[in-house]
Amino acid sequence: MPLKPIEHADAAPEVRAVYDDIKAARNVPDVNNFWKMTAHHPPTLKRTWESLKEVMAPGALDPMVKEMVFVAVSVTNGCDYCIRSHEAAARRAGMTDAQFGELMAVIGMANETNRLAKGYQVEIDEALR
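This section reports on the structure supplied with the text. Given the structure is predicted, the values throughout are model-derived calculations rather than measurements. Think of each chain on its own: its residues are numbered from 1, step by step along the sequence as written. Per-residue local features of the predicted model are confined to residues with pLDDT of at least 70, and side-chain atom pairs are confined, for both listing and counting, to 80 or more; whole-chain, interface and lining totals are unaffected and use all residues. With hydrogens and water set aside, each side-chain value is computed from the structure's full complement of heavy atoms.

Before going further, it helps to examine the pattern of salt bridges. Criterion for a salt bridge: a side-chain nitrogen of Lys or Arg within 4 Å of a carboxyl oxygen of Asp or Glu. Counted by the stated rule, this structure contains nine salt bridges. For Asp30, the salt bridge identified is with Lys36, shortest N-O distance 2.7 Å. Judged by its relative accessible area of 34%, Asp30 is partly exposed. Lys53 is the partner of Glu50 in a salt bridge, and the nearest nitrogen-oxygen pair spans 3.6 Å. Taken together, the positions of Glu50 and Lys53, both in helix H3 (residues 42–56) and three residues apart, correspond to about one turn of that helix. The class for Glu50 is partly exposed, based on a relative accessible area of 37%. Shared partners join several salt bridges into a network, and the residues in it are Arg84, Glu87, Arg91 and Asp97. Note on exposure labels: buried denotes an accessible area under 20% of the residue type's maximum, exposed denotes more than 50%, and partly exposed covers the range between, all computed with a 1.4 Å probe on protein chains only. Put simply, DSSP H or I for four residues or longer makes a helix, DSSP E for two residues or longer makes a strand, and each gets a number counted from the N terminus.

Read these as layout, nothing more, since geometry by itself doesn't imply function.
Now the structure itself:
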């Protein structure tokens, strides 16, 4: 039997505390399904949220760039949920349709050339070491 999302009203206090932090940080009325499913293991929920907040916080990389990198990795890993979630976040951060198109082109090209290099077992050039 598949797990069902844990709603705020049904959550344990430690889960509700994380949900409340997510809602406050993102200024949203409810947490999304990723968090509601991860809540089945409260330590993982808390650790993942804390790590995500730290990694995705403003820093040397612009928030939109961070979201676009997240989209790229999600496309490569085949995580539909993550693609949609972080595409939406990137768009909220200012990503345009043209930027999304170029991002998809770069992801496709990187995956193609990565597989060619792996398949041909290309040695790293001395100049790149």
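Still to come is the rest of the account.
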